[in-house]
Amino acid sequence: MPNIQILASHAPWVSLAATDEDWARADPVLLGTLLSHCHLIRGFEEAVLELAGEGLVHGPAHSSIGQEGGAAGSIVGLRADDGVSGSHRGHHQFLSKSLAYLCPDGMDPVADIAPAVQALLQRTLAEILGLAQGFCKGRGGSMHLRWPEAGALGTNAIVGGGVPMAAGQAWAHRRAGGDAVMVTYFGDGAVNIGSVLETMNLAAAWKLPLCFFVENNRYAVATGVEEITAEPRLSARGQAFNIPSWHVDGMDPLAVHLAMQAALAHMRAGKGPTLIEADVYRYFHQNGPFPGSAFGYRDKEEEKAWRERDPLDLLARRMTERGLLTQAHIDALRDRVARAMRTAVDALVESDTGAGPGKRRIRPGLWPSADFRDVGILGDLAGMGDGGEFHGETVPRKFVDVVADVMDRRMALDDAIVVMGEDVHRLKGGTNGATRGLAQRYPGRCLGTPISENAFVGLAGGIALDGRYKPVVEFMYPDFMWVAADQVFNQIGKVRHMFGGDDAVPLVLRTKVAMGTGYGSQHSMDPAGIFATCPGWRIVAPSDPCDYVGLMNAALRCKDPVLVIEHVDLYNTTAPAPRDDLDFVLPVGRAALRRTGSALTVIAYLSMVGHAMEALDTLGLDADLVDLRWLDRASLDWDTVGASIRKTNNVLIVEQGARGTSYGGWLADEIQRRYFDWLDQPVQRVTGGLAAPSISKVLERAAIARTDEVVAGLREVLRNKGEA
């Protein structure tokens with residue numbers, strides 16, 4: 001018979017409930033503040049649902065009525081330097097953190113509503129209505145609320161999507177040396193999301209001051225929690241990652257407060273993350289002013305039972321029992337909140353006599369201007385300084401050595417830079433030597449991550465958005481971006497624009513194209529074509545070590561996320577590089593003209609610049625060879641490209657990767673739209689095949705483009721011109 005030993009988790013997992021003694025000893029200021037927060041949230045949400053019922057909320061209205069106790073209970077005890085982030089249902093957390101910021105000494109439930117609080121209510125409501133005075137200038141609406149000064153660091157519409165970024169902000173807090181914490185809120189539907197679980201693991205491994213706050217409201221839209229997990233005690237998730245966890249009645253604000261105080265003590269002591277599961281209940285459907293019973297997935301008896309546990313009623317009863325308030329005080333508070341919300345609503349809407357009696361409309365002058373549409377997708381490049389081509393002394397250098405040396409130089413001069421990725425701290429500089437020596441010279445700033453791209457690139461996004469540090473992330477292969485697509489595209493790429501256009505996102509993502517190495521279809525792609533379709537990213541593609549210096553320095557100065565694409569074919573090549581100047585900067589948006597001639601315009605990037613040179617030499621052609629360097633739409637050098645096309649009237653775009661994900665497809669379309677009158681023939685293209693490269697050496701070579709394919713492309717252009 002085997003010897004069986006029962007194992008136990010190392011992390012405590014407890015259920016916490018407030019006792020009569022806790023209520024009797026609770027600070028009256030604390031209780032009054034909890035009551036004030038809860039009533040303001042309730043009144044705000046009731047106004048939102050009223051407007052939604054009139055069709056004045058364009059988009060969803062995810063109300064938090066019934067869940068006020070979880071937000072207020074967990075936030076009232078936070079400091080101004082602590083941060084919170086939330087989910088699509090995040091009005092209550094946003095308001096509570098903002099109220100705590102405006103009223104740091106607490107709120108008196110019998111006092112008048114302060115002008116600053118009135119302004120908060122109106123500005124938050126304006127955002128939900130999509131108006132210019134909103135916190136995100138109308139772009140965020142109900143699901144995207146951010147006020148960084150208050151520590152309200154963003155709500156998020158992707159289920160679980162904001163959790164990795166919260167970990168990044170927690171990392172920044174810890175790195176700064178204080179004891180500030182982050183609290184990230186999400187629901188029962190998100191607790192099984194990969195990005196959430198990856199982040200739990202990463203936060204625990206790195207001992208980040210991050211509280212995972214699970215609002216278990218029993219339903220992910222209409223699907224009950226017992227239907228989607230065999231362990232509906234959601235706080236059990238913490239046990240898998242050695243995270244201390246609390247289960248608490250979220251309808252009891254004091255119990256939530258006590259659980260959060262225990263979690264804060266753990267995090268502020270530097271012991272790592274915590275998890276709190278609060279049982280709450282949304283009184284209404286996922287979206288809009290109707291109860292869940294109206295849609296058939298809940299019954300009225302269930303809804304009635306939860307309403308009898310209302311957190312506002314509980315607070316009122318406990319405070320009146322202690323003689324802290326009377327029912328008249330409670331009624332007066334309710335009336336003041338209702339008046340405040342009517343004032344906020346009246347400032348934003350007006351009667352619409354043309355639509356009939358009793359109808360209202362948004363005041364027309366409050367909408368954002370249509371020409372604000374694209375403002376803030378990327379920054380304005382302020383602070384980039386001057387830059388130019390390198391004219392100093394050069395020596396032959398191996399490309400990958402220059403990659404490592406540039407990062408070493410930047411980290412030596414800028415303490416804000418932090419490098420992270422899989423194995424970047426091992427193997428004498430990662431799998432290719434690109435981070436050689438950084439872990440030894442800069443302890444705590446070259447971070448080897450778990451194999452969890454969604455978590456660590458999202459964490460880097462949070463670090464960037466925090467603003468105190470500059471993360472440089474290595475994706476070992478660009479194909480792995482699909483694993484992290486939500487963080488790369490939905491989060492990092494959109495976050496500046498989504499939150500109003502003012503937040504810098506200084507992040508560099510390095511990766512390498514590995515076609516020709518035999519690593520097959522899941523390790524070989526060129527990501528340029530995919531990233532070019534995603535607004536919010538800049539893209540650079542150096543073709544030689546000298547350019548790498550200037551382009552990486554520009555990327556690290558930039559306040560936008562920048563994808564830096566490298567190529568394994570270039571790593572071990574030797575070419576001229578600066579002898580002793582690793583600080584020069586190439587300007588954003590400047591291409592290089594590598595050859596000049598009148599036969600045609602060849603456009604290339606990365607290793608295909610070299611293959612294009614070889615092909616031109618093979619045919620003895622004098623042509624313009626444009627090395628793009630910057631590939632994103634906002635940074636592409638149309639002056640250089642356009643001047644060449646107007647001279648040669650023929651274009652060949654050269655790339656190596658699969659045709660289906662190619663960069664040249666959109667570029668050819670754009671060229672033909674801009675320069676149709678100057679073109680003697682359609683834009684021609686050299687690409688790889690339809691399929692991704694295979695492992696077989698023969699099939700891999702057949703799938704990608706090199707010099708021979710460029711030669712064939714050049715001949716096709718010449719034939720179309722009627723030249724042999």
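Residues numbered from 1 in each chain as written. Predicted model: local features only at pLDDT ≥ 70, side-chain atom pairs only at ≥ 80, totals over all residues. Heavy atoms only, no water.

Put simply, the rule is: UniProt positions are given in the numbering used here, feature names are shortened, and annotations may be inferred rather than shown by experiment.
An unreviewed UniProt entry annotates the chain as MFS transporter originating from Bordetella bronchialis. Taken verbatim from the UniProt record of the chain, the Cofactor (unreviewed entry) comment is "thiamine diphosphate".

## Examining the sheet that holds strand S24 (residues 684-686)
Our working definition: The criterion for strand pairing is that DSSP finds at least two bridges linking the strands in question. Strands here mean DSSP runs of E at least two residues long; helices mean DSSP runs of H or I at least four residues long; both are numbered from the N terminus. Convention adopted: a line fitted to C-alpha atoms gives each axis, helices being fitted over their contacting stretch, and angles between N-to-C directions are expressed from 0 to 180 degrees.
Strand order across the open sheet formed by 5 strands is S20-S22-S21-S23-S24, with mixed pairing between neighbours. Strands with a single pairing partner mark the edges of an open sheet, and in this sheet they are strand S20 (592-595) and S24. Neighbour to neighbour, the strand axes of the sheet diverge by 25° on average, direction disregarded. Direction of pairing for S20 relative to strand S22 (residues 624-627): antiparallel, over a ladder of 3 bridges. Paired with Ala 592 across the bridge in S22 is Asp 627.

## Quick look at the environment of Ile 377
How we decide: Any pair of residues with heavy atoms lying within 4.5 Å of one another is described as a contacting pair.
Inspection of the secondary structure assignment puts Ile 377 in the loop between strand S11 (360-362) and strand S12 (394-398). Along the sequence, Ile 377 and Met 498 sit 121 residues apart, while their C-alpha atoms lie 8.4 Å from each other. In this structure, Ile 377 is in contact with Arg 496, His 497, Pro 535 and Gly 536, ignoring residues within four places of it in sequence.

## A look at the pattern of salt bridges
The test is simple: By convention in these notes, a salt bridge is any Lys or Arg side-chain nitrogen within 4 Å of a carboxyl oxygen on Asp or Glu. Exposure is judged per residue with a 1.4 Å probe applied to protein chains only, and the accessible area is read against the type maximum: over 50% gives exposed, under 20% gives buried, and values in between give partly exposed.
What the rule picks out here adds up to 49 salt bridges. The salt bridge involving Asp 503 is made with Arg 146; its shortest N-O contact spans 3.0 Å. Linking Asp 503 in the loop between helix H17 (495-498) and strand S16 (508-513) with Arg 146 in the loop between helix H5 (115-128) and strand S3 (152-155), this pair joins segments that are 357 residues apart in sequence. Arg 146 matches Asp 503 in its accessibility class, with the two residues each being buried. One salt-bridge network, in which partners are shared between bridges, spans Glu 389, Asp 544, Asp 547, Arg 594, Asp 627 and Arg 629.

## Comments concerning the nonpolar core
Generally speaking, nonpolar side chains in soluble globular proteins are found buried as a group. Test applied: What makes a nonpolar core is a set of buried Ala, Val, Leu, Ile, Met, Phe, Trp, Tyr and Cys residues whose side-chain atoms join them at distances within 4.5 Å.
Residues Trp 537, Tyr 663, Leu 667 and Ile 671 are the most contacted members of the largest nonpolar core, which totals 88 residues. Top element by residues in this core is helix H15 (residues 453-466). It accounts for 8 residues. In this structure, Leu 667 is in contact with Ile 603, Leu 628, Leu 636, Trp 638 and Ile 653, ignoring residues within four places of it in sequence. Counting residues in each nonpolar core, the second largest holds 84 residues, with Leu 40, Val 48, Val 84 and Val 349 among its members.

## Let's talk about the UniProt feature "domain: Transketolase-like pyrimidine-binding" (unreviewed entry) in the chain
Those residues carrying the UniProt feature "domain: Transketolase-like pyrimidine-binding" (unreviewed entry) are residues 397-573 in this numbering. Across residues 397-573, the secondary structure splits into 37% helix and 18% strand, with the terminal C-alpha atoms separated by 8 Å.

## Examining the environment of Leu 120
Relative to the assigned elements, Leu 120 resides in helix H5. Distance in space between the C-alpha atoms of Leu 120 and Ala 347 is 13 Å, their sequence separation being 227 residues. Ignoring sequence-local partners within four residues, the contact set of Leu 120 consists of Phe 94, Leu 95, Ser 98, Leu 99, Leu 102, Phe 135 and Trp 147.

## Describing helix H4 (residues 91-102)
Which entries qualify depends on this criterion: Under the convention used throughout, the expected extent of a helix is 1.5 Å for every residue step, that is, one less than its residue count.
The terminal C-alpha atoms of H4, which comprises 12 residues, lie 16 Å apart, in line with the 16 Å expected from a rise of 1.5 Å per residue. Burial runs high along H4: 10 of the 12 residues are buried. Burial in H4 covers these residues: His 91, His 92, Gln 93, Phe 94, Leu 95, Ser 96, Lys 97, Ser 98, Leu 99 and Ala 100.

## Quick word on the packing of aromatic side chains
Aromatic ring pairs are reported here in terms of the distance separating the ring centres and the angle at which the planes meet. Worth spelling out the cut-off: Any two rings among Phe, Tyr and Trp, with Trp reduced to its six-membered ring, count as a pair given centres within 6.5 Å; such a pair is stacked if its planes are under 30 degrees apart, edge-to-face if over 60, and tilted if neither. Here, a charge over a ring means that NZ of Lys or CZ of Arg falls within 6 Å of the ring centre while also lying within 35 degrees of the ring normal.
Following the criterion strictly, the structure yields 19 aromatic pairs and no others. The interplanar angle of 45° and the centroid separation of 4.9 Å between the aromatic rings of Tyr 185 and Phe 213 together place this pair among those described as tilted. Separated by 28 residues along the polypeptide, Tyr 185 in strand S4 (residues 182-187) and Phe 213 in strand S5 (residues 210-216) bring together distant segments of the chain. Assigned by exposure class, Tyr 185 and Phe 213 land together as buried. The interplanar angle of 85° and the centroid separation of 6.1 Å between the aromatic rings of Phe 456 and Phe 475 together place this pair among those described as edge-to-face. A residue pair is termed long-range when its members are at least 10 positions apart, and Phe 456 in helix H15 and Phe 475 in strand S15 (residues 470-475) qualify at 19 residues. With a relative accessible area of 0%, Phe 456 lands in the buried category. Following the ring pairs from residue to residue traces out a cluster consisting of Phe 94, Tyr 101, Phe 135 and Trp 147. Note that Arg 307 overlies the ring of Phe 284, its terminal NZ or CZ placed 5.7 Å from the centroid. The ring of Tyr 477 is capped by Lys 512, whose NZ or CZ atom sits 4.3 Å from the centre of that ring.

## Some remarks on helix H7 (residues 194-205)
Note on helix geometry: an α-helix contains 3.6 residues per turn, so any two residues three or four positions apart are oriented the same way. Compared with an ideal rise of 1.5 Å per residue, which puts 12 residues at 16 Å, H7 spans 17 Å between its outermost C-alpha atoms and is within 8% of the ideal. Tucked inside the fold, the buried residues of H7 contact helix H6 (163-175), S4, S5, strand S9 (274-279) and H15. A positive phi of about 55° marks Lys 207, the residue just after H7.

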